[in-house]
Amino acid sequence: MSLNVMNTYGTIWDVVVEEKVVKANLSTARKDAREESGYRHMSWHTIFVGDAYEKAKELQAKDRIFVKSARIENSYNKETQKLYNTLVVFDFDFNNPEPQASTEE
């Protein structure tokens, strides 16, 4: 089963470039009044494929991205009896803030 994901922001961690995919962890958050911090934080095992692969080779820890097109896939391992979720990204843009120019002279 899969679920389409579009137009979401996240922060990249643990980038590994492989021959056909780039693997990383993507952290996201959403407002949630039930949480002490006011936000619910999530972490996604992520692979970048297709058009996203070449751009993803430049990713570094703490990069902010805007996911334009992705899909959440899950697979169940019968031997370990575990369900695994993976975010498969097809297109994204970098969304790193521009450094602020110093106003000191």
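Quick summary incoming for the structure in this document. (Residues numbered from 1 in each chain as written. Predicted model: local features only at pLDDT ≥ 70, side-chain atom pairs only at ≥ 80, totals over all residues. Heavy atoms only, no water.)

### Some points on the pattern of salt bridges
Then, in step 1: In total, this model carries eight salt bridges according to the counting rule given.
Then, in step 2: Between Lys57 and Glu54 there is a salt bridge, with the nearest N and O atoms lying 3.1 Å from each other.
Then, in step 3: What makes Lys57 partly exposed here is its relative accessible area of 33%.
Then, in step 4: Among the salt bridges present, the one from Arg71 reaches Glu73, with a minimum N-O distance of 2.6 Å.
Then, in step 5: Overall, Arg71 belongs to the partly exposed group, its relative accessible area being 26%.
Then, in step 6: Each of Lys55, Lys68, Asp91 and Asp93 takes part in a single network of salt bridges with overlapping partners. (Salt bridge = Lys/Arg side-chain N within 4 Å of Asp/Glu carboxyl O. Buried < 20%, exposed > 50% of the residue type's maximum accessible area, 1.4 Å probe, protein only.)

### With respect to the packing of aromatic side chains
Where two aromatic rings form a pair, the distance of their centres and the angle of their planes describe that pair.
Then, in step 1: Evaluation of the coordinates by the stated rule reveals three aromatic pairs.
Then, in step 2: Judged by centre distance (5.2 Å) and plane angle (65 degrees), the ring pair of Phe48 and Phe92 falls under edge-to-face. Placement of the pair is Phe48 in strand S4 (residues 39–48) and Phe92 in strand S6 (residues 82–94), with a sequence separation of 44 residues.
Then, in step 3: Here Phe48 falls in the buried class, since its relative accessible area comes to 0%.
Then, in step 4: Overall, Phe92 belongs to the buried group, its relative accessible area being 0%.
Then, in step 5: What links up through ring pairs into an aromatic cluster is the set Phe48, Phe92 and Phe94.
Then, in step 6: The ring of Phe92 has Lys55 sitting right over it, with the charged end atom 4.9 Å from the ring centre. (Phe/Tyr/Trp six-rings, centres within 6.5 Å; stacked < 30°, edge-to-face > 60°. Helix = DSSP H or I, 4+ residues; strand = E, 2+ residues; numbered from the N terminus. Lys NZ or Arg CZ within 6 Å of the ring centre and 35° of its normal.)

So far we have only geometry, and geometry alone does not tell us how the molecule works.
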